[in-house]
Each structure stands twice: as structure tokens, then as C-alpha cells.
Amino acid sequence: MVIRFALIFTLMVIGFIAVWVKIGITQTVERKALLDIAKRQVNDSSIINPNRGNIYDAYGNLLAGSAPLYNVYMDTRVPALSDNNNALFNQYIDSISEGLSQLFGDRTPEEYKQHITQGFQKQKGRLKLYPKSITYTQMKALKELPLFNKGRLKSGLIVDVRYNRIKPFGSLASRSIGSTYGETGKGNSGLEMQYETYLYGKAGRKVTRLIDGRVVSIEDEDAVDGMDIVTTLDANLQDVVESNLRHTLLEKDADWGCCILMEVKTGKVRAISNLGRTSEGKYIENKNYAVSRIEPGSTFKTYALMAALDDGKVSITDTIDIEQGRWFYENAKKPITDSHVYRDKQGVPLQTTRFTVKEILATSSNVGLAKIVTSAYDKKASRFVDKLDKMGVRDSVWFDIPGTQQPLINVPNDGETLARMAFGYSVELPPIDILMFYNAIANDGKMIRPYLVEEIQENGSRIKSFSTSTIKSSICKTSTLRDVRECLEAVVWDNDFGTAAVTPWGRRKAQSDIVAIAGKTGTAQVIEANGLYNSHHHRTLFCGYFPMDAPQYTCICVIQQKAYAQYDAGMECGGTVRRIAEKVMAYHGTIPISKHILHPDSLRQPPIKRGMQEPIRIVSKGTKVNFRPNDSEWVRINAEYEAETLSICSDIMPNVVGMGARDAIYAIEQTGMLATLHGKGRVVSQSVRAGSSIVKGGTVYLELK
């Protein structure tokens, strides 16, 4: 027994020694080789980006969403393809080459066969079938091809999904909505950046392993999709605002412009547009001008006048000599001047220019406001700024767009600077803040914060909501507010003095037969890169509210003219706000469509495009278009506005010529094909002839004019 015990003990000791020796060899001699094998076997875990949340307007229209795109590969090392002397591969190589050629059209069947065969023979592993990402429709068609319809284990088909951020309404409010980084999909501007935490969701984790010669992906942790953002924007009003701003910019060949439309009582921003000119002369949403500081020009005169009126320093019936529009403050080297010569109706310069305070604001006299402010606050400039503080002008107000700049108003060091502050120089405000101030005037003195996001949703359920918040319950006395509103009404409706009333030859600026508007024009010289003002380069503004007697909306329009351009803030900016106001009130149905015919900018009875009958019926309802429907889903409309049946078949290519873009895309996608648009308007030609056979996943190119 002792001998047997000694033998067993000796063997155990030898075994333990062998194990420790092997461990030592593994950790030293074999370490590098084993680590190299491990690297080939296991990839580092990679991130699975979640499906990013959507951004909607206030009525559920999708402003930004994520559409899936797919990258497709073939794993040529799948054992099933090589079994029985490559029998499965040889059986289907011709049919899948033919199918891929028809589906993508980038190679002939022979080229596809050569590409796949070479990858199979070299056992490349993941062979990319198509160099670009494909759509869901194309991916479904691909999976129906011979061999690929047998599943991944037999065919080797690998489909990787990624999500591409799309904006169905194109450029509408694009800069405010924001954008995302390409690969990471995270927001880098606008609402996409501000609400990144909610929109992105939670990333998952994926581990890639090499098992039996095949690459296998294992989801170690599932991704959690992002939440949805519901904005205060109205896609229809956004279209009205952007199209009218673009019209003015094109007409003036301006540098850039922005326009914001806000509800008076709630502070909801219903539309916000920022358009800048590219080197090709096109206008795109390239910068958030609406939240960037600018010198407000004469729109600041309303601030200055309100301060003086509220402190009892002046009344709107007082008269002041504006000295022909040229006045020196004390010993200043440069005079303060007005931009226009004061003449009578016959064009003769006035002998006396003693105007009431109301007329001074209406005619936007720099001299008049400088005299009012210096008389009230000379040697006490801090009191003027303190008064602005009490009016809420310098408050830091949070807005939903990242990078929103706050007002820059400092206490002036001298009387001359104070005098120039009175008409909007030496102060800087972002347009959104100017809008907020004028909205307070329209809202009976109550200043409320503009906001752009209404609620955050998860799977349709409200997670968080935002509502109206008050900045100042009252910015001034009731009597002051009444006087200021009277002056702003004169700016638009006083034909003798109003800068937004009429031109000398009788053309209306912000005046409208449809909706009464009150507001203030503004003009400022632009500071160039050298830090000096360019007297030939101007920025024009108009901020106003409508309807004048019971305000529902406040709107601001800012346009930076090109250098040496002729300018008129009342005509360009006031006229833009007027057109927007008319269309907004018509959109809400508060004025009959017949009134529009009285105005040169109004809509006439239009020809109606072919398409789905229900939207045509809705648009025609309540107008003077005597539309006569029938029982068909798709119709064409004749000259008498009668609906004629239009046949749409999912088995053959429909005739979409004459349709609008939306209906044309819908009709084509019902067949399983894709539509690509060029131009705008109605369809004038289609690349695939009507009545042709359908190729599922194929593309039809549409020309619109």
C-alpha cells in the first residue's frame, strides 16, 4: 500500500508540474501566436445604433425621420454552397446574376457572374453584391431571387441595415430641425442636437465571431429606439412663410433672409425660415439667422419710445423739430441724419419739420428718437438701460435651438452713443428676441417665451410636454401700451408718414384689404469684416402683428440686401409680412377666398392636377371652384372641373404625367417601383413608358415643371 500510495502521489506531483510548465509556456513562448489567433476569432464588440426618433409638426406631419437603408453581401464561405462539388452554387449562379442585373442595372449578367464567381473561388468571405446602400423595396426584391430565397445558411446572403435621416418636406425649416452626423447618426445642429438625449435612444452592442469558418454576429445587448419630438411648427404655414421669403430674396438678389411666425397668446412658433444665398445664386437653409444677434435698426425705436413714454418723459402728441433730418448732438463730429428728405405732396422740401412724436415714429426719424432719448436720459444713460431691463429686453431667454444668442445692450459711455442707441445702433438682438418684444405689445403687454417643441413622445405616449411660460406679466403701463400700438398702426396706415404704408406713386407696402397689420420697419448699415459700417450695404426689417385689433400672430422678416442695392424695408420686409398674413388668415378660413381676387398677389382659380380625388375634393371645398366628383379613387379634372376616372393598375406602369409630385410617387410605389424627382410643379415626363411591365425595385425618373 505504501508503494502504491507513493506511486500515485508521484504521478500527481508530475501532473501538477506538467500543468504549471504548460501554463508557463503558454504565457511566454506561445503568447504572441495565441493572441493572434484570438484576434482572428473574435472582433471587438461594435455599437448597434438605435432607430432615431422622428420629429413631427404640430399636426403629425413628419418633418424628419429615419428610413432604413441596406448594405448587401454574400458570404462565399457558407458550407452549403461548396457541398457536392459546388452543386448549389453552380445551379443558381446564372439566375442570380440575371436577377441582380435587372434589379440594380449597374452591371450586365455576365459581369455579375464573373464578380460573384471570382469571390466564391477566392473564398473572400463577405462579398459586396452592390456598392451602394439599397432601399427596403430593393432588399425585399433581392430576397425573392433564386438561391437568396433559401435563407442565409444556404445562400450566404447577409443584409446589414443602417438608418438614413430624411426630411420629407425638403428644406422647410431645415436649419431649425437640424441635421445629424453621417456614421454616428447623432445630432449636430438644431432640434436634432438640442434633443439628442431623447431622439437617439440607447445604443446596443454586437460581437462578431468566426465560428467554423463563418462570420457570425451576436447581439449582446439590444438597442432601444429613440423618442419622438412633436414641434409647434405647422408644415402648411411653414410653406407659406418660406415661399414668400424666398420670393422676396430672389426678387432682390439679397444675401440672406429670415422670417418667423409666432402665435400671440401661446408663444408657439408656427414657422421659422432661414435662407442664405449660395455661390450659384440659390437659397438654402445654411445658418440659423433667426437666433443670431444683429443690430435691429429702427425696430429698436419702439423700445426707446416705450421707455420714454412709460417714464413720463414724453407723450405721443408732443411736437419735436427734427431739423430737416440733420442734427448734431452737442459737440459730436458726425451729425445724426435721417435717410429721407422731408417734402410736401408736390415734392417740395418742407420749410418746417416740427412733427408729433407719433409722426416721428411713423416716419422713423433718427433725429426725432435721438432727441427724445437724450432729452430724457442724458447724463443718466444707466437709467435708460435699467428701464429696458424692467421691460424684459435684456433678459436671457432660453430657446430650443442650440447657439441662440442673447441680447447685447451695454450702458453707453457717452451721450452720442446713447443718441445712436435710440435708433438701433450699438445694440444687438437676435430676431427671435425682437419678435418676442413685439409679440408682448400685441399680447396686451404680457411677454411670453417663444418655443418650438410641444411634447416628447414614446410609442405615441406623451413623456414630457412644454407649455406657455411668462417672462414679464407686463412690460409697461396700460396707457403706454395703448400709445405705442397707436404709433405702430400709423407706421402702416398713415399714408403721409408711415414707412410701411404706401410708396410715393401709391403702391401699398404692408397695407392689405384683407387683414389689418401694425408694426415697425427697420434699416441698419452692415458691419463689414474690417469692423466698419458700409454705407452702401444694408439690412432691412419689419416686425408686426395681425389682425391689428385682435392680434393672433406676430411675424418678423429680416433681409440682408446685397451691397449697393436699392432698399425699402416697408416694401420688401413689410410686403413679405403682408403676403404671409393674408395667406395665414385665408388658411384658417377667417376670410373668404373671394377677397383674395381683389389683391394683385392673390390666388386665382387654378387648373387642378390629376391625382387622388379625396385631396382634390378637400381643397376645392369652400372655394369658388365648382368641382364635380365621381366615385373613382383616382381622377383627372377637365376644364369644367368635372372628375373623370383615371385607371391606376399595380401590374403595369401608370401614366403619371400631369400629376403632382406626391400623387405621382404614391401611384408608382404602389407597383413596387421607386420614383426619383427632378424639378418642381407637375410631372411632364416619366422615364418608364406608361403601360410597360413592372420591374419590382426598379427606378422611374420623373421630370417636373
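Residues numbered from 1 in each chain as written. Predicted model: local features only at pLDDT ≥ 70, side-chain atom pairs only at ≥ 80, totals over all residues. Heavy atoms only, no water.

Helices and strands together make up the secondary structure of the protein chain, namely 20 helices and 28 strands. A globule of 705 residues ought to have a C-alpha radius of gyration of about 27 Å, yet the protein chain, at 35 Å, is considerably larger. Along the first, second and third principal axes, the C-alpha atoms of the protein chain reach 130 × 85 × 45 Å. Taking contacts inside the protein chain between residues at least 6 apart in sequence as the whole, the part at least 24 apart equals 66%. (Helix = DSSP H or I, 4+ residues; strand = E, 2+ residues; numbered from the N terminus. Rg over C-alpha atoms; globule rule 2.2 N^0.38 Å. Contact = heavy atoms within 4.5 Å.)

Quick look at a nonpolar patch on the surface now. A cluster of nonpolar residues, Phe5, Phe9, Val13, Ile17, Val21, Ile25 and Val29, forms a patch on the protein surface that exposes about 680 Å² of accessible area. In this structure, valine 29 sits in the loop between helix H1 (2-27) and helix H2 (31-41). (Patch = residues over 30% accessible without salt bridge, like charges linked within 9 Å, V, L, I, M, F, W, Y side chains within 5 Å. Areas by Shrake-Rupley, 256 points an atom, 1.4 Å probe, with all protein chains shown as cover. Salt bridge = Lys/Arg side-chain N within 4 Å of Asp/Glu carboxyl O.)

Quick look at the pattern of salt bridges now. The final tally for this structure, using the stated rule, is 24 salt bridges. The partner of arginine 246 in a salt bridge is glutamate 242, and the shortest N-O contact between them spans 3.0 Å. You can see arginine 246 and its partner glutamate 242 sitting in helix H10 (residues 235-252), four residues apart, about one turn around the helix. The class of arginine 246 is partly exposed, set by a relative accessible area of 22%. The class for glutamate 242 is buried, based on a relative accessible area of 3%. A salt bridge links lysine 509 to aspartate 568; the nearest nitrogen and oxygen atoms lie 3.1 Å apart. (Buried < 20%, exposed > 50% of the residue type's maximum accessible area, 1.4 Å probe, protein only.)

The subject of this paragraph is unusual backbone geometry. Note that the residue after phenylalanine 546, namely proline 547, is joined by a cis bond; omega there is -15 degrees. Positive phi values are uncommon outside glycine, yet leucine 147 reaches one of about 75 degrees. Of note in this structure, serine 426 is not a glycine but carries a positive phi near 65 degrees. Position of serine 426 among the secondary structure elements: in the loop between helix H15 (415-421) and helix H16 (431-442).

The next thing to look at is the side chain of arginine 485. Structurally, the position occupied by arginine 485 is in helix H17 (residues 478-493). With sequence-adjacent residues up to four places away left out, arginine 485 is seen in contact with Ile441, Ala442, Asp444, Tyr545, Met548, Asp549 and Pro551.

What follows covers H17. Because the α-helix completes a turn every 3.6 residues, residues three or four places apart line up on one side. The terminal C-alpha atoms of H17, which comprises 16 residues, lie 22 Å apart, in line with the 22 Å expected from a rise of 1.5 Å per residue. Considered for burial, the residues of H17 that qualify are Thr480, Leu481, Asp483, Val484, Arg485, Cys487, Leu488, Ala490, Val491 and Val492. Contacts made by the buried residues of H17 are with helix H11 (301-310), helix H12 (357-363), H16, strand E20 (518-527) and strand E21 (533-546). (Expected span 1.5 Å × (residues − 1).)

Glancing now at the sheet that holds strand E23 (residues 611-612). What the three strands build is an open sheet, ordered E23-E24-E25; its pairing is antiparallel. Pairing within the sheet leaves two strands with one partner each, and these edge strands are E23 and strand E25 (643-645). (Pairing = 2+ DSSP bridges.)

Attention shifts here to the nonpolar core. Formed by 97 residues in total, the largest nonpolar core has its most connected members in Tyr303, Leu305, Phe384, Phe437 and Ile441. It is H16 that contributes the most residues to this core, nine residues altogether. Of all hydrophobic cores here, the second largest spans 29 residues; its members include Leu275, Val491, Phe546 and Cys557. (Core = buried A, V, L, I, M, F, W, Y, C linked by side-chain atoms within 4.5 Å.)

Taken together, Glu98, Asp106, Glu110 and Glu111 make up a surface patch of like negative charges. As for its position among the elements, glutamate 110 is in helix H4 (residues 109-121). (Lys, Arg positive; Asp, Glu negative; His and termini not counted. Charge placed at Lys NZ, Arg CZ, Asp CG, Glu CD.)

Moving on: the confidence of the model for the protein chain. Taken residue by residue, the protein chain gives an average pLDDT of 87. The fraction at 70 or more is 91%. Considering only residues more than four positions removed or in separate chains, one finds that residues 593-604, a stretch of pLDDT under 50, has 21 contacts. (pLDDT = per-residue confidence, 0-100.)

Turning our attention to the sheet that holds strand E10 (residues 269-277). The six strands lie next to each other as E11-E10-E9-E22-E21-E20, forming an open sheet whose pairing is antiparallel. Edge positions in the sheet fall to strand E11 (283-284) and E20, since each has one partner strand and no second. Set on the sheet, H10 makes contact with strand E9 (256-263), E10, E11 and strand E22 (553-560); between it and E10 the angle comes to about 30 degrees. The strands that H17 touches are E20 and E21; relative to E20, the one it contacts most, it runs at about 75 degrees. (Axes fitted to C-alpha atoms, helices over the stretch in contact; angles between N-to-C directions.)

For the rest of this paragraph, the subject is the packing of aromatic side chains. In the structure shown here, the tally under the stated rule is 18 aromatic pairs. Between tyrosine 303 and phenylalanine 437, the aromatic rings sit 3.8 Å apart at their centres with planes inclined by 10 degrees, giving stacked as the arrangement. Taken as a pair, tyrosine 303 in helix H11 and phenylalanine 437 in helix H16 lie far apart in primary sequence, 134 residues in all. Of the two residues examined, tyrosine 303 and phenylalanine 437, each falls in the buried class. Among the aromatic side chains, those forming a connected cluster through ring pairs are Phe300, Tyr303, Phe437 and Tyr438. (Phe/Tyr/Trp six-rings, centres within 6.5 Å; stacked < 30°, edge-to-face > 60°.)

Here we come to the packing of helix H3 (residues 79-104) against H4. The N-to-C vectors of H3 and H4 enclose an angle of 145 degrees; their axes lie 8 Å apart at closest approach. Between H3 and H4 the crossing geometry is right-handed. Within the contact between the two elements, H3 uses Leu81, Ser82, Asn86, Phe89, Ile93, Asp94, Ile96, Ser97, Glu98, Leu100, Ser101 and Phe104 and H4 uses Pro109, Tyr112, Lys113, Ile116, Thr117 and Phe120. Residues of the contact of H3 with H4, tallied by class, amount to ten nonpolar, five polar and three charged. (Left-handed = near helix turned anticlockwise from the far one by under 90°. Nonpolar A, V, L, I, M, F, W, Y, C, P; charged D, E, K, R; others polar.)

The topology assignment puts histidine 538 in strand E21. Given the relative accessible area of 8%, histidine 538 is considered buried. When neighbours within four sequence positions are excluded, histidine 538 is seen to be in contact with Thr523, Ala524, Gln525, Val526, Ile559, Gln560, Gln561 and Tyr567.

Along the chain, phenylalanine 497 turns up in the loop between H17 and E20. Each C-alpha atom, one on phenylalanine 497 and one on tyrosine 283, is 34 Å from the other, the two residues being 214 residues apart in sequence.

Where helix H19 (residues 613-620) is concerned, the buried positions are Gln613, Ile616 and Ser620. Buried residues of H19 fall within an arc of 65 degrees about the axis and therefore sit on the same side. Turned more than 90 degrees off the buried face of H19, the exposed positions are Ile618 and Val619. Buried-residue contacts for H19 involve E23, strand E24 (634-637) and E25. (Arc of directions from axis to C-beta.)

Here we take up the pairing of strand E8 (residues 228-231). Burial along E8 is two-sided: the residues Asp228 and Val230 and Ile229 and Thr231 are all buried. Looking at chain direction, strand E2 (residues 55-56) and E8 are connected through two bridges and run parallel. Across the sheet, isoleucine 55 pairs through a bridge with isoleucine 229, a residue of E8. One ladder, built from four bridges, connects E8 with strand E17 (residues 453-458); its direction is antiparallel. Paired with threonine 231 across the two strands is valine 453, which belongs to E17.

Let us now look at the packing of H16 against H17. Put simply, H16 and H17 touch, their axes get as near as 10 Å, and they point 110 degrees apart. For the element pair H16 / H17, the angle class is roughly perpendicular. Together, Tyr438, Ile441 and Ala442 of H16 and Leu481, Val484, Arg485 and Leu488 of H17 make up the contact between the two elements. (Parallel < 35°, antiparallel > 145°, perpendicular 65-115°, else oblique.)

We now examine the environment of glutamate 633. Note on placement: glutamate 633 falls in the loop between H19 and E24. Spatially, the C-alpha atoms of glutamate 633 and glutamate 614 are 7.4 Å apart, while their sequence positions differ by 19 residues. Apart from the residues lying within four places of it in its own chain, the contact partners of glutamate 633 are Gly611, Met612 and Gln613.

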